[in-house]
Amino acid sequence: MQEEPLARRNRELTILNAIAETLNKTADLDEILRTSLSKLAELFDLPTAWIWLLHEETAYSYLAAAQNLPPALNNRPERMEGLCHCLETYLAGDLAGAANINFITCSRLRYLEDTEGLKYHTSVPLYANDKKLGVLNVASTDWRELSQEDLRLLHTAGDMLSMAIERARLYNQSRQLGALEERNRLAREIHDTLAQGLTGIAMNLEAVDAMIDSGKTPEDIQHFVQAAMRMTRASLDEARRSVLDLRAASLDGKSLPEALNDLAEVYRKNLKLHIVVTTVGNHQPLPARIEVGLFRVAQEALVNAQKHAEANSVSVMLKMQPEQVQLVVQDDGRGFEPDSIPPGRFGLIGLNERVKLMGGALEIQSSQGQGTRLAVTVPLS
């Protein structure tokens with residue numbers, strides 16, 4: 001009679017230890033979420049799971065990680081936006097009703113086809129002390145009823161995941177503070193090097209101007225011209241080095257979707273270009289370097305569409321998912337043949353370099369008279 005409780009206790013300790021080891025291996029939030037779902041699926045035999053997190057600044061919910069979503073949701077990421085029954089219950093401060101997988105019908109799956117048998121899930125609230133972090137949802141295709149021990153283990157695992165999420169966010173905040181300090185250091189360095197170099201160049205050119213007015217010979221002037229040239233080269237080298245060292249800056253405090261909409265509005269007003277911006281996953285935060293990189297890609301694509309392609313309308317699609325972010329810009333311009341572009345034309349070299357720096361892939365489809373489609377996909381792993 002004593003062996004069954006002992007075996008159950010050993011299983012619980014094994015599960016919790018495996019989850020703890022997984023969470024303690026990294027401080028990267030995306031990796032924590034992905035590996036947690038994988039470990040939960042392995043240990044509890046719950047193959048489908050997803051995690052909602054609340055944005056730290058806006059408190060809006062977004063899909064932060066998912067595993068084995070059914071096609072009805074995986075192929076239509078917009079269906080995983082906005083509130084649902086479990087999120088509304090969580091935000092209201094009561095998830096007691098979400099206590100068993102047999103009793104909670106997923107409001108996103110209820111009326112959909114191609115759900116692979118998934119209709120129900122259990123929801124595990126995620127808290128850091130009294131601070132709401134999000135919700136962990138786990139589902140099974142056999143709609144099995146979880147035992148009280150399994151539910152207790154899931155909630156304990158949820159507590160461990162909550163601590164790991166908060167730790168990762170604090171770590172990221174410390175890194176952002178370090179990045180701010182680095183930008184300040186670069187600003188001081190630019191002031192101490194480039195500004196001084198430009199001052200020296202100006203002084204030499206002023207001396208040349210004065211010597212010309214006074215009738216000095218070219219031989220007298222040459223020394224100051226050469227000095228100005230040396231300072232110019234040195235300043236140019238310093239500028240290049242500073243640019244290479246510079247880290248991605250924020251978009252004036254705006255999210256990427258907000259910045260894209262503002263950019264589109266500028267083109268609409270000033271250049272009479274018809275632009276439609278569509279975004280999916282608006283509340284999902286992105287690393288600053290990826291936000292800035294994608295924004296610059298969109299800028300370059302719009303310049304190309306207006307200046308080179310002579311387009312009348314452009315569509316911009318931004319789709320942010322837990323595993324990747326995709327930006328697609330398509331115009332109705334005159335198009336071109338991608339294989340026969342003169343070197344450097346349309347800024348493609350710069351676009352390729354920028355996308356590679358983000359670890360992404362650039363795809364361009366175009367032909368004469370058929371417009372151009374530019375797609376950038378950046379993995380978030």
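For the structure given in this document, a descriptive report is provided here. (Residues numbered from 1 in each chain as written. Predicted model: local features only at pLDDT ≥ 70, side-chain atom pairs only at ≥ 80, totals over all residues. Heavy atoms only, no water.)

## Focus: the nonpolar core
Buried together is how nonpolar side chains tend to be arranged in soluble globular proteins.
(1) Moving on: Residues Ile275, Leu294, Val325 and Leu327 are the most contacted members of the largest nonpolar core, which totals 34 residues.
(2) Moving on: The element contributing the most residues to this core is helix H8 (residues 288-308), with eight residues.
(3) Moving on: Val124, Val138, Leu153 and Ile165 belong to the second-largest nonpolar core, a separate cluster that totals 31 residues. (Core = buried A, V, L, I, M, F, W, Y, C linked by side-chain atoms within 4.5 Å. Buried < 20%, exposed > 50% of the residue type's maximum accessible area, 1.4 Å probe, protein only. Helix = DSSP H or I, 4+ residues; strand = E, 2+ residues; numbered from the N terminus.)

## Observations regarding the sheet that holds strand S8 (residues 361-366)
For sheets, the rule is that strands pair by backbone hydrogen bonds, running either parallel or antiparallel.
(1) Moving on: Overall, mixed pairing links the five strands, which are arranged S5-S6-S7-S9-S8 in an open sheet. Unpaired on one side and paired on the other, strand S5 (274-280) and S8 mark the two borders of the sheet. Each strand axis lies, on average, 10 degrees off the axis of its neighbour in the sheet, ignoring direction.
(2) Moving on: For S8 and strand S9 (residues 372-379), the ladder comprises six bridges, and the chain directions are antiparallel. (Pairing = 2+ DSSP bridges. Axes fitted to C-alpha atoms, helices over the stretch in contact; angles between N-to-C directions.)

## As for the environment of Leu83
(1) Moving on: Considering the arrangement of structural elements, one finds Leu83 in the loop between helix H3 (71-74) and helix H4 (85-91).
(2) Moving on: Distance in space between the C-alpha atoms of Leu83 and Tyr60 is 9.2 Å, their sequence separation being 23 residues.
(3) Moving on: When near neighbours in sequence (up to four residues on either side) are disregarded, Leu83 contacts Ser61, Glu88, Leu91 and Arg108. (Contact = heavy atoms within 4.5 Å.)

## Some points on the side chain of Asn137
(1) Moving on: Structurally, Asn137 can be placed in strand S4 (residues 131-139).
(2) Moving on: Here the side chain of Asn137 touches Ser123 through a polar contact of 2.6 Å, side chain to side chain. (Polar contact = N/O pair within 3.5 Å; in protein donor to acceptor, adjacent residues only side chain to side chain.)

## Regarding the pattern of salt bridges
(1) Moving on: Here the structure, examined in full by the defined rule, presents seven salt bridges.
(2) Moving on: Across the salt bridge formed by Glu78 and Arg76, the nearest N and O atoms sit 2.4 Å from each other.
(3) Moving on: Exposure remark for Glu78: the relative accessible area of 34% places this residue in the partly exposed category.
(4) Moving on: By relative accessible area, Arg76 is classed as partly exposed at 37%.
(5) Moving on: Here Glu166 and Lys131 are joined by a salt bridge, their closest N and O atoms 3.5 Å apart. With Glu166 in helix H5 (residues 148-213) and Lys131 in strand S4, the pair connects residues that are 35 residues apart, well separated along the chain. (Salt bridge = Lys/Arg side-chain N within 4 Å of Asp/Glu carboxyl O.)

## Let's talk about the environment of Gln321
(1) Moving on: As for its placement among the helices and strands, Gln321 is situated in the loop between strand S6 (313-320) and strand S7 (324-331).
(2) Moving on: A sequence separation of 59 residues divides Gln321 from Leu380, and the C-alpha atoms of the two residues are 8.6 Å apart.
(3) Moving on: Those residues in contact with Gln321, other than ones at most four positions away along the chain, are Pro77, Gln284 and Leu380.

## Quick word on the pairing of strand S2 (residues 61-67)
(1) Moving on: Burial analysis of S2 places six of its seven residues in the buried class, the great majority of the element.
(2) Moving on: Hairpin connection, strand S1 (residues 48-54) to S2: the antiparallel pair is bridged by six residues, and Ala59 has positive phi, about 70 degrees.

## What to know about the sheet that holds S2
(1) Moving on: Ordered in space as S2-S1-S4-S3, the four strands form an open sheet in which the pairing is antiparallel. Of all the strands in the sheet, the pair left with one neighbour each is S2 and strand S3 (122-128). Across the sheet, the axes of successive neighbouring strands diverge by a mean angle of 20 degrees, strand direction being ignored.
(2) Moving on: Looking at chain direction, S1 and S2 are connected through six bridges and run antiparallel. If you follow Ile51 over to S2, its bridge partner there is Ala65.
(3) Moving on: Set on the sheet, helix H2 (residues 29-44) makes contact with S1, S2 and S4; between it and S2 the angle comes to about 50 degrees.

## Here we look at the packing of helix H7 (residues 256-271) against H8
(1) Moving on: At a minimum axis separation of 10 Å, H7 and H8 run at an interaxial angle of 20 degrees. Compared by their axis directions, H7 and H8 come out roughly parallel. For the crossing formed where H7 meets H8, the hand is right-handed. Note on element contacts: H8 touches H7 through Glu291, Leu294, Phe295, Ala298, Gln299, Leu302, Val303 and Gln306, opposite Leu256, Ala259, Leu260, Leu263, Tyr267 and Leu271.
(2) Moving on: Of the residues that constitute the contact of H7 with H8, the class distribution is eleven nonpolar, two polar and one charged. (Parallel < 35°, antiparallel > 145°, perpendicular 65-115°, else oblique. Left-handed = near helix turned anticlockwise from the far one by under 90°. Nonpolar A, V, L, I, M, F, W, Y, C, P; charged D, E, K, R; others polar.)

## Digging into unusual backbone geometry
Note on backbone geometry: most residues besides glycine have negative phi, and most peptide bonds are trans.
(1) Moving on: A positive phi angle, near 55 degrees, is found at Asn68, a position not held by glycine.
(2) Moving on: For Asn68, the position within the fold is in the loop between S2 and H3.
(3) Moving on: For Asn68, a relative accessible area of 48% corresponds to the partly exposed category.
(4) Moving on: Positioned with a positive phi, Asp114 is a non-glycine residue whose angle comes to about 60 degrees.
(5) Moving on: By secondary structure assignment, the location of Asp114 is in the loop between H4 and S3.

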